[in-house]
Amino acid sequence: MKITAPRESHPGENRAPLTPDAVAKLVKLGAQVEVEAGLGLAAGFPDEAYVKAGATLSTDHNELLITGDIVLRLRKPTLAEIDKLKPGAIHASLLDPFNEKELVQKFAEKGVSAISMEFIPRTTRAQKMDVLSSQANLGGYEAVILAARYSNKIFPMMTTAAGTILPAKVFIIGVGVAGLQAIATAKRLGAKVTAYDTRPVVEEQVKSLGAQFLKIDIGETGQTKDGYAKALTEEQIQKQREAMKKTCADSDVVISAAQVFGRKAPVLVTTEMLNALRPGAVVVDLAVETGGNVEGVVYDQVTDRNGVKIVGIANLPGRVPLHASQVYAANLVALVEEFWDKKEKTFVLKLDDEIIKGCLVTHGGKVVNEKLLPKTS
Ligand code: NAD
């Protein structure tokens, strides 16, 4: 079976779907691996390392799409790229399938079995394939590093002959994978951290990291079976904003990472709240790619609003591309290994397996994922 990895074409994307270590694992399974020349260069992996790991190199992007039995990528392909795939091939990457209906349809028309890495179920067995977690974790780290870079303060407390410097106050909104890593990173830098999330189970996790949990009573919240937050009503969001106002105003850094799976991010930090921040404060919006938690955030820009820096830089995991590629590639390899028949040296698409059922979006010429099919009541 031939596994190919074409280069990413999204502007500014430095991550790669496969690393040399990942290639070595796939070769060990008995797969023939071909990667596009320059695949990992921006992430810090030279072509020679891929060859040493057992891959062949190709300079022909289209050839990799045309000949792959399994095509492994990071970002979604273009419609023209899908056209090049062979019927019956497997294509695994992030696909943004809720918003990319035309793309999903095209995969179906081509008879390609498309796997959406966002749809890997959140089960213990699938944890090692969970790209949302592996990337969000690095995003949370990078958000704190950016905040520290743009802040006019240092994070730790320092007692010096010239007096005492108090620790920076960091407020984290949304404590999923990214938020938890943001808390841990800010704590390591010595900041005083407060955090809030609508899911009640989070309070314990926040406290175990040595941060304070902001308690807000907004009524019934809860989470889905996959651990995602349920969307709030407009009234609940209004209550939340009111309750967060004081903590925001008292913070040197606000990091917002609140998301509701498959939906636009809720707007939680309003203009009024931004106006209450001290000049020199920094707000990092980790939800900028799904619409933003911060009112007026500009996609992929850092803006200055009356001395308050609003950081809307996109693709934070892509700013640490070596480690982001390492963990993304490990997620892909775990998926291939899980369904690899060692004797036949092929990937077996087990249609009744819970993981495949969760992440397969098209197969046999049809859209097959229940999350994308019209609801039957
Ligand atoms: P996410 O990226 O969808 O959302 C980030 C956070 O925003 C969540 O914690 C959510 O509760 C929070 N949020 C939503 N609306 C909010 C609001 N109005 N105000 C404040 N916060 C709000 O979530 P995620 O980071 O992908 O993961 C969510 C949970 O799933 C985490 O607890 C994580 O540990 C768990 N998880 C489990 C597995 C597994 O079991 N295999 C794998 C990954 C994640």
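Before any of the text, the structure's been laid out above.
So, here's what we can say about the structure.

Rules and cut-offs
- Starting afresh in each chain, residues are numbered from 1 along the sequence in its written order.
- Where totals are concerned, whole chains, interfaces and linings use all residues; where local detail is concerned, this predicted model gives features only for residues with pLDDT of at least 70, and gives and counts side-chain atom pairs only at 80 or more.
- In computing side-chain values, all of the structure's heavy atoms are included and hydrogens and water are not.
- Under the pairing criterion, centres of Phe, Tyr and Trp rings, with the six-membered ring standing for Trp, must be within 6.5 Å; the plane angle then separates stacked pairs below 30 degrees from edge-to-face pairs above 60, leaving the rest tilted.
- Runs of H or I in DSSP of at least four residues are treated as helices and runs of E of at least two as strands, each being numbered from the N terminus.
- Between buried and exposed lies partly exposed: a residue is buried under 20% and exposed over 50% of the maximum accessible area for its type, with that area taken using a 1.4 Å probe on protein chains only.
- In this description, strands pair whenever DSSP reports at least two bridges between them.
- A crossover gets the label right-handed when its path from the first strand over the helix to the second runs clockwise, viewed with the strands pointing away from the viewer.
- Patch building starts from residues that exceed 30% relative accessible area and form no salt bridge, then joins like charges within 9 Å and nonpolar side chains (Val, Leu, Ile, Met, Phe, Trp, Tyr) within 5 Å.
- Here the open area of atoms and residues is found with the Shrake-Rupley method and a 1.4 Å probe, where only the protein chains shown may cover a residue.
- By definition, a salt bridge exists where a carboxyl oxygen of Asp or Glu is found within 4 Å of a side-chain nitrogen of Lys or Arg.
- Here, nonpolar core means buried Ala, Val, Leu, Ile, Met, Phe, Trp, Tyr and Cys residues that are tied together by side-chain atoms lying within 4.5 Å of each other.
- The contact criterion used throughout is that any non-hydrogen atoms of two residues lie within 4.5 Å.
- In this text, near means that some heavy atom of the residue lies within 4 Å of the molecule or strand in question.
- Polar contact is the term for a pair of N or O atoms within 3.5 Å; when the atoms are in protein, one must be able to donate a hydrogen and the other to accept it, and sequence-neighboring residues count only if both atoms are side-chain atoms.
- Here the nonpolar group is Ala, Val, Leu, Ile, Met, Phe, Trp, Tyr, Cys and Pro; Asp, Glu, Lys and Arg are the charged ones; every other residue, Gly included, is treated as polar.
- As a rule, the C-alpha atoms of each element are fitted with a line to give its axis, helices using only the stretch in contact, and angles between N-to-C directions run from 0 to 180 degrees.
- What a helix should span is 1.5 Å times the count of its residues minus one.
- What the bend at a residue measures is the angle between two axes, fitted to the seven residues ending there and to the seven starting there.

## Comments concerning the packing of aromatic side chains
Next up, step 1: Counted according to the given criterion, the structure contains six aromatic pairs.
Next up, step 2: Aromatic pair Tyr-228 and Phe-261: ring centres 4.4 Å apart, planes at 10 degrees, arrangement stacked. One end of the pair, Tyr-228, is in the loop between strand 11 (212-213) and helix 9 (234-249); the other, Phe-261, is in the loop between strand 12 (253-256) and helix 10 (271-275), with 33 residues separating them in the sequence.
Next up, step 3: Tyr-228 gets classed as buried once you look at its relative accessible area, which sits at 15%.
Next up, step 4: An aromatic cluster is built from Phe-98, Phe-119, Tyr-228 and Phe-261, whose rings are joined through pairwise contacts.

## Topic: the pairing of strand 1 (residues 2-5)
Next up, step 1: Taking every second residue as pointing to the same face, both faces of strand 1 are buried, with Lys-2 and Thr-4 on one and Ile-3 and Ala-5 on the other.
Next up, step 2: In the sheet, strand 1 pairs with strand 2 (residues 32-36) via four bridges, with the strands oriented parallel. Its bridge partner lying in strand 2, Ala-5 is registered against Val-35.
Next up, step 3: A crossover links strand 1 with its parallel partner strand 2, the connecting element being helix 1 (residues 20-28), and its sense is right-handed.
Next up, step 4: The sheet contact formed by strand 1 and strand 4 (residues 70-72) spans two bridges and is parallel.

## Considerations on a nonpolar patch on the surface
Next up, step 1: Together, Tyr-141, Ile-145 and Leu-189 make up an exposed nonpolar region whose accessible area comes to about 220 Å².
Next up, step 2: Taking relative accessible area as the criterion, Leu-189 reaches 33% and is therefore assigned partly exposed.

## Description of the nonpolar core
Next up, step 1: Leu-18, Leu-26, Leu-72, Ile-115, Met-117 and Leu-335 are the most contacted members of the largest nonpolar core, which has 55 residues in total.
Next up, step 2: Here the element with the most residues in this core is helix 11 (residues 321-338); it accounts for seven residues.
Next up, step 3: Here Leu-26 is in contact with Ile-3, Leu-18, Ala-31, Val-33, Leu-72, Val-333 and Val-336, once residues within four sequence places are set aside.

## Notes on unusual backbone geometry
Next up, step 1: If you check the backbone angles, Asp-300 has positive phi at about 65 degrees while not being a glycine.
Next up, step 2: With respect to the helices and strands, Asp-300 occurs in the loop between strand 13 (282-285) and strand 14 (302-305).
Next up, step 3: In this structure, Lys-345 takes a positive phi of about 55 degrees despite not being glycine.
Next up, step 4: Mapped onto the elements of the fold, Lys-345 is located in the loop between strand 16 (340-341) and strand 17 (346-347).
Next up, step 5: Relative accessible area serves as the criterion here: at 40%, Lys-345 is assigned to the partly exposed category.

## So, the site of the ligand
Next up, step 1: As a structural note, the neighbourhood of the ligand is formed by 22 residues, with Arg-122, Val-177, Asp-197, Arg-199 and Gln-240 the closest of them.
Next up, step 2: Contact distances for the ligand include 2.6 Å between an oxygen atom and a backbone N or O atom of Val-177.
Next up, step 3: The separation between an oxygen atom of the ligand and a polar side-chain atom of Arg-199 is 2.7 Å.
Next up, step 4: For the ligand, whose unbound accessible area comes to 840 Å², protein coverage reaches 85%.
Next up, step 5: The class makeup of the residues in the shell around the ligand is nine nonpolar, nine polar and four charged.

## Focus on the sheet that holds strand 4
Next up, step 1: Spatially, eight strands are ordered 3-2-1-4-5-6-18-19 in an open sheet, and the strand pairing comes out mixed. Two strands lie at the open edges of the sheet, namely strand 3 (56-58) and strand 19 (366-367), each paired on one side alone.
Next up, step 2: The sheet strands contacting helix 1 are strand 1, strand 2 and strand 4, and the helix crosses strand 2 at an angle near 155 degrees.

## Observations concerning the environment of Pro-266
Next up, step 1: With respect to the helices, strands and loops of the structure, Pro-266 is situated in the loop between strand 12 and helix 10.
Next up, step 2: Among the residues examined, Pro-266 registers a relative accessible area of 16% and is labelled buried.
Next up, step 3: Linking Pro-266 and Ile-237, residues 29 residues apart in sequence, is a C-alpha distance of 8.1 Å.
Next up, step 4: Setting aside chain neighbours within four positions, we find Pro-266 in contact with Ile-237, Ala-258, Val-260, Gly-292 and Asn-293.

## Some thoughts on the pattern of salt bridges
Next up, step 1: Applying the stated criterion to the full structure yields 25 salt bridges.
Next up, step 2: In this structure, Glu-142 engages Arg-319 in a salt bridge whose closest nitrogen and oxygen atoms are separated by 3.0 Å. One end of the pair, Glu-142, is in helix 6 (residues 131-150); the other, Arg-319, is in the loop between strand 15 (308-311) and helix 11, with 177 residues separating them in the sequence.

## Quick word on the pairing of strand 15
Next up, step 1: Pairing between strand 13 and strand 15: three bridges, direction parallel. Among the inter-strand pairings, Val-284 is bridged to a residue of strand 15, identified as Val-311.
Next up, step 2: In terms of strand pairing, strand 14 meets strand 15 through four bridges, oriented antiparallel. Along strand 15, the bridge assignment pairs Arg-305 with Val-308.
Next up, step 3: Between the antiparallel neighbours strand 14 and strand 15 lie two residues, among them Asn-306 with a positive phi of about 50 degrees.

## Brief notes about helix 9
Next up, step 1: The end-to-end C-alpha distance of helix 9, which contains 16 residues, comes to 22 Å, matching closely the 22 Å that a straight helix rising 1.5 Å per residue would cover.
Next up, step 2: When the local axis directions of helix 9 are compared, the greatest deviation, roughly 30 degrees, occurs at Ala-243.
Next up, step 3: Among all positions in helix 9, only Gln-236, Ile-237, Gln-240, Arg-241, Met-244, Thr-247 and Cys-248 are buried.

Note that every value here comes from positions in space, so none of it alone points to a role or purpose.
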